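# What the coordinates show
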Amino acid sequence: MKKTNRKSVLHNVIGIIRMEMHINWKLVLFEILLSFSRTAESLTRALMPAIAVDMLLYSDIGWGFAVVVIFAFTLAVCGFFSKLLMVLLTAYGFQMENRICLKLQQKLMEMPYPYSESADSLKRYNLVRENFYEFMDVDYNIFTELLGAVIGLAVMSGVMARVSPWLFICIAPIAFLDWLMEKKSAEHGHRCDLEKEELLKKKSYLTEIIYETENSKELKMYSAEEMVSGKYEAVSGSLRAIEEKKERRLCVYKVCSELISFLQNAVIYGGAVYRFALSKVTLGNVYIGISSGTYLVNSVKQIMGLLGDINRASLYYTEFEEFMNWEPGTACGTEPIDRLDSIEFRNVSFRYSEDTDYVLKDINFTVKRGEKIALVGDNGAGKSTLTKLIFRLYDPTEGTIYVNGRDVREYRYEDFVKLVAPVFQSVRLMGYSVLENIVFGKEADSRRLEESLEKAKLSERIKGLKKGVYSIVSKDLAENGIEFSGGEEQKIALARALYKEAALLVLDEPMSALDPMAEREMYRIFQRQLDGKMLVLVSHRIPGIAFCDHILVMEDGRIIEAGSHEELLKAEGKYFEMFQKQSFYYIV
């Protein structure tokens, strides 16, 4: 089992290095150069003063001053190069961070819609997004910190073994004990932090409830302050208890660590002074013994700590690699498609997962080029889910969707998406210009853009803005951004769909933010201007959709009635009932 773990760590470390070499190989080169520069600087600080002291006291004073000059020059050069390399590493590190973030975002956007919506997929993504910083420093730890520590340890071990072999033998186990105590302390702190994780989440949630202005009204009107405060105090008390437990244990570890440090210093300083008192070594050798002993202990602790950090960080890389290599199964054909003549649902049923009920049951209907159909029904009837199947955001659990007489899964998904344009009930515009929200980064066709805005009844509003279509939407990213109303946002989304000039337009409650009369007017525009295109209109408002060729009435995931507006009124069923309840809002 241990062998497998070591292979896993080695695999992850190699994977991290390969990825970073691919992004920018100079990053690794500069890390290695920084390691040599810093190690040379630290070894110079540890050894050169001893040489200078011995020369000044026991040899030629001139040579002693020369050593001091060399010492100062070496430190200056190493310090300069270290700072220069750190500046370069910071810049390249920022570049690498951005590239990794971009890879994660691209992976998430390229995933099939069901996986981007599933809790498991989002959990994987959030876990990787929050923790990828943990493994980004692995190469730095290896090529700069670890490499430098190993070189320094090797040099200082040789020096100490030469100056005082028995002191070297005594210090090694003390250094190991010091590292072990720090490891135990860190592990205990990590366990306590894991215990606090869920409590901190609850505390953050309660803090949001307390300070959120919208919540304060209900808290006051229902006298709920005491309940919320009680829950907050209970969570805070649990956090305090964990923190106290953590500090008590850490206090024990700190005392033990201080005792080990005392023992370490006693051995290093006592041994060096004892040898000097016996006149067996020079004053410079005393300094070398003390500095090399301290350096050796710190190097052992650093190496052990770095190996632990690398091992832990490699686990985060495992999550990153699994996410990036994860290929969710989805049916994707190879046949090209450039026109849309018909869409047929044949015996289609759907549920979101095996442990949930069916949302759609035995759906059968056909829509042909130039036809306009409406899906109506109460909330929760399955209308929006059905549109997701039309877009191929999901595939049917049972049955088949045929496009132009062939299973839609036989076509290239990228080609099919070009033929459909949605307008969803919940519109989310980005904090960029109106133009970018409509054309999405593509080169704008001014004629199509103007026609789309005109059809969406938005042309006059946009022309009235100082910057026109270049006006920024919302104040999220710009103080002078335009705050459009809910109805205007839906019109922008509609203009976006019209600009695409797709063969199929699917409107899912597109006028929910408009009043009934404005909605009726928009539908009349559709009736005149969408000739030759397929239209699927989803609504729970009945009188405004009378212009559609076919109306499908849904209830509990089934189509319970189908026909034209007049036919369904004559049948006096569910549709007639809904129409009667809503008709007083409209002029029929």
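Rules used throughout
Residues numbered from 1 in each chain as written. Predicted model: local features only at pLDDT ≥ 70, side-chain atom pairs only at ≥ 80, totals over all residues. Heavy atoms only, no water. Helix = DSSP H or I, 4+ residues; strand = E, 2+ residues; numbered from the N terminus. Buried < 20%, exposed > 50% of the residue type's maximum accessible area, 1.4 Å probe, protein only. Contact = heavy atoms within 4.5 Å. Areas by Shrake-Rupley, 256 points an atom, 1.4 Å probe, with all protein chains shown as cover. Pairing = 2+ DSSP bridges. 1 Å grid on protein atoms, 1.4 Å probe; cavity = no way out; pocket = protein on both sides within 12 Å on 5 of 7 lines; lining within 4 Å. Points joined across faces, edges and corners; volume = space filled by probe spheres on them. Phe/Tyr/Trp six-rings, centres within 6.5 Å; stacked < 30°, edge-to-face > 60°. Lys NZ or Arg CZ within 6 Å of the ring centre and 35° of its normal. Salt bridge = Lys/Arg side-chain N within 4 Å of Asp/Glu carboxyl O.

What follows covers the overall build of the protein chain. For the protein chain, the count of helices and strands is 19 helices and 10 strands. Counting the 588 residues in the protein chain, one finds 44% classified as buried. A sequence separation of at least 24 residues applies to 76% of the contacts in the protein chain between residues at least 6 apart. Element-wise, carbon and sulfur atoms account for 57% of the exposed surface of the protein chain, whose accessible area totals about 32,300 Å².

In the Ramachandran plot, asparagine 404 falls in the positive-phi region, its phi being about 55 degrees despite a non-glycine side chain. Exposure remark for asparagine 404: the relative accessible area of 26% places this residue in the partly exposed category. Positive phi outside glycine occurs at glutamate 572, with the angle close to 55 degrees. Mapped onto the fold, glutamate 572 is located in the loop between helix 18 (565-571) and helix 19 (574-582). Residue class for glutamate 572 comes out exposed when judged on its relative accessible area of 57%.

Turning next to the sheet that holds strand 2 (residues 360-368). Judged by pairing direction, the sheet is antiparallel, and its four strands sit side by side in the order 2-1-4-5 without closing on themselves. The two strands at the open ends of the sheet, each matched to only one other strand, are strand 2 and strand 5 (406-407).

It is worth spelling out the layout of surface pockets at this point. Here the idea is plain: a probe the size of a water molecule rolls over the atoms and shows the empty space left. Quantified by volume, the second largest pocket comes out at close to 960 Å³. Lining the second largest pocket are 24 residues, with Glu134, Ala186, His190, Arg312 and Tyr316 sitting closest to its centre. Those elements giving two or more residues to the lining of the second largest pocket turn out to be helix 4 (119-131), helix 7 (165-211) and helix 10 (283-325). Here the lining of the second largest pocket gets 11 residues from one element, more than from any other, and that element is helix 7.

This model, assessed by the stated rule, comprises eight aromatic pairs. With a centroid separation of 5.5 Å and an interplanar angle of 75 degrees, the aromatic rings of phenylalanine 80 and phenylalanine 81 are classed as edge-to-face. Exposure remark for phenylalanine 81: the relative accessible area of 42% places this residue in the partly exposed category. Here a set of aromatic residues connected by ring pairs shows up, and it is made of Phe350, Tyr352 and Tyr394. Just above the ring of tyrosine 499 sits the side chain of arginine 448; from NZ or CZ to the centre is 4.1 Å.

Per the stated rule, a full pass over the model turns up 19 salt bridges. Note that glutamate 335 and arginine 406 form a salt bridge whose closest N and O atoms lie 3.7 Å from each other. Here glutamate 335 is found in the loop between helix 10 and strand 1 (342-350), whereas its partner arginine 406 is found in strand 5, with 71 residues between them in sequence. Through salt bridges that share partners, Glu335, Arg406 and Glu410 make up one connected network.

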